[in-house]
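Here are the chains, one letter per residue:
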Amino acid sequence: MHLAHVQSSPIIVQLLIALPFFIAIIFYIVAVIVSNLHKKQWPHFRTICWLVGNVSAIVTLVGPLASLSHIHFAAHMIGHLLLGMLAPLLMALAAPMALLLRTLPVNTARTLSRTMKNPYVRFISHPINASILNVGGLWLLYTTLLFNLMHEHILLYIFMHLHIFLAGYVFTIAFIYIDPTPHPYPYVFRSLILVVALAAHSILAKYIYANPPQHVPVTQAELGAKIMYYGGDAIEIILVYILFYQWFKSTRNSIHTKTTISSS
């Protein structure tokens, strides 16, 4: 792997990509402090998830792992798992939109709620569309010349890393509803689409194992593919567990409500 253009100014590039995550940590902490002044305490668990999620992204973009990912495909794939899967999952569990809505003034919060209901948000958060953006984007990245072009052009390099994170985040919130969701989809539908998306991710890992991206040594491709396959499975199990737990909880509440109505 040869990344001459990116390596020419690694610190600047790394800090530029990671800057939004540093800002996100500051804004979230400020929002928690302001919110706690007027309402009940924001759960510590969600704050920890936000911090760990952002740190996972930052570690991927700044420091030894970021530098090593330029020359070793396995390190690059570890970065993919942290930036595109673990960080989005943890940050989704932090419920940033719910925190924002309870921190903003009432009128502003209502305006934001209406904005969340616009057709574009509904389109982008549809499980099928979110899956195409996320998993489809990875297929495009690793099976075309885009992977090499990303390492030759700084702007494309920045864009692809932001896309990997944002697509991963949208994908996560399309299946598990932690924040307010104006356009919820049935559990059966989300489960079926999730199974297909996770299968496509696993198949891509196997494809990379058998067909390394251009200029990636076979041994590195095989190791990277294994990391993508098994590491992805570990994070995906958590995602599936949360979805099924929410489904079980929803069904239990529904049964309890029907029992209460019947008894009355």
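These remarks concern the structure in this document. (Residues numbered from 1 in each chain as written. Predicted model: local features only at pLDDT ≥ 70, side-chain atom pairs only at ≥ 80, totals over all residues. Heavy atoms only, no water.)

**What to know about the overall build of the protein chain**
Next up, step 1: Within the protein chain, the secondary structure is distributed over 13 helices and zero strands.
Next up, step 2: Sequence-ordered secondary structure for the protein chain, helices as α and strands as β, is α-α-α-α-α-α-α-α-α-α-α-α-α.
Next up, step 3: Rg of the C-alpha trace for the protein chain: 20 Å, near the compact-globule value of 18 Å for 264 residues, within the 12% margin.
Next up, step 4: Summarising its shape, the C-alpha atoms of the protein chain cover approximately 70 × 40 × 30 Å along the three principal directions.
Next up, step 5: Scored against the burial criterion, the 264 residues of the protein chain give a buried share of 45%.
Next up, step 6: Taking all contacts inside the protein chain whose residues are at least 6 apart in sequence as the whole, residues at least 24 apart take part in 79%.
Next up, step 7: Accessible area of the protein chain: about 13900 Å², with a carbon and sulfur share of 74%.
Next up, step 8: Across the protein chain, 14 positive and 5 negative side-chain charges occur, with their mean positions spaced 25 Å apart. (Helix = DSSP H or I, 4+ residues; strand = E, 2+ residues; numbered from the N terminus. Rg over C-alpha atoms; globule rule 2.2 N^0.38 Å. Buried < 20%, exposed > 50% of the residue type's maximum accessible area, 1.4 Å probe, protein only. Contact = heavy atoms within 4.5 Å. Areas by Shrake-Rupley, 256 points an atom, 1.4 Å probe, with all protein chains shown as cover. Lys, Arg positive; Asp, Glu negative; His and termini not counted. Charge placed at Lys NZ, Arg CZ, Asp CG, Glu CD.)

**Observations concerning unusual backbone geometry**
Next up, step 1: Backbone geometry at A95 places phi at a positive 50°, although glycine is not the residue there.
Next up, step 2: Residue position: A95 is located in the loop between α5 (73–93) and α6 (96–103).
Next up, step 3: Classification of A95 by relative accessible area gives buried; the value is 3%.
Next up, step 4: The phi dihedral of H215 is positive, around 70°, even though this residue is not glycine.
Next up, step 5: Positionally, H215 belongs in the loop between α12 (187–210) and α13 (218–263).

**With respect to the packing of helix α9 (residues 127–143) against α12**
Next up, step 1: Two elements in contact, α9 and α12, have axes separated by 10 Å at closest approach and are oriented at 5°. In terms of orientation, α9 and α12 fall into the roughly parallel class. Along its contact with α9, which presents P127, I128, S131, V135, L138, W139, Y142 and T143, the element α12 presents F189, R190, I193, A197, A200, H201, I203, L204, Y207 and I208.
Next up, step 2: Grouping the amino acids of the contact of α9 with α12 by side-chain chemistry returns 14 nonpolar, three polar and one charged. (Axes fitted to C-alpha atoms, helices over the stretch in contact; angles between N-to-C directions. Parallel < 35°, antiparallel > 145°, perpendicular 65-115°, else oblique. Nonpolar A, V, L, I, M, F, W, Y, C, P; charged D, E, K, R; others polar.)

**Here we look at the packing of α5 against helix α11 (residues 154–175)**
Next up, step 1: The interhelical angle for the contact between α5 and α11, taken along N-to-C directions, is 40°, at an axis separation of 8 Å. Judged by the angle between their axes, α5 and α11 are oblique. The chirality of how α5 crosses α11 is right-handed. Taking contact as the criterion, the partners of H80, L83, G84, A87, P88, L89, M91 and A92 in α5 are, on α11, H161, I164, F165, G168, Y169, T172 and I173. (Left-handed = near helix turned anticlockwise from the far one by under 90°.)

**Description of the packing of aromatic side chains**
Next up, step 1: Within the structure shown, the criterion is met by 13 aromatic pairs.
Next up, step 2: Residues F21 and F165 carry aromatic rings whose centres are separated by 4.9 Å and whose planes lie at 85° to one another, so their mutual orientation is edge-to-face. With a gap of 144 residues between them, F21 in helix α2 (residues 10–38) and F165 in helix α11 connect regions that are remote in the sequence. Here F21 matches F165 in class, with each residue buried.
Next up, step 3: Taking 4.7 Å as the distance between ring centres and 15° as the angle between the ring planes, the aromatic pair formed by Y28 and W50 counts as stacked. Of this pair, Y28 sits in helix α2 while W50 sits in helix α3 (residues 44–61), and the two are 22 residues apart along the sequence.
Next up, step 4: Taking the relative accessible area as the measure of exposure, Y28 reaches 4% and is therefore buried.
Next up, step 5: We classify W50 as buried; its relative accessible area is 9%.
Next up, step 6: An aromatic cluster is built from F21, F165 and Y169, whose rings are joined through pairwise contacts. (Phe/Tyr/Trp six-rings, centres within 6.5 Å; stacked < 30°, edge-to-face > 60°.)

Read these as spatial facts, not as claims about activity.
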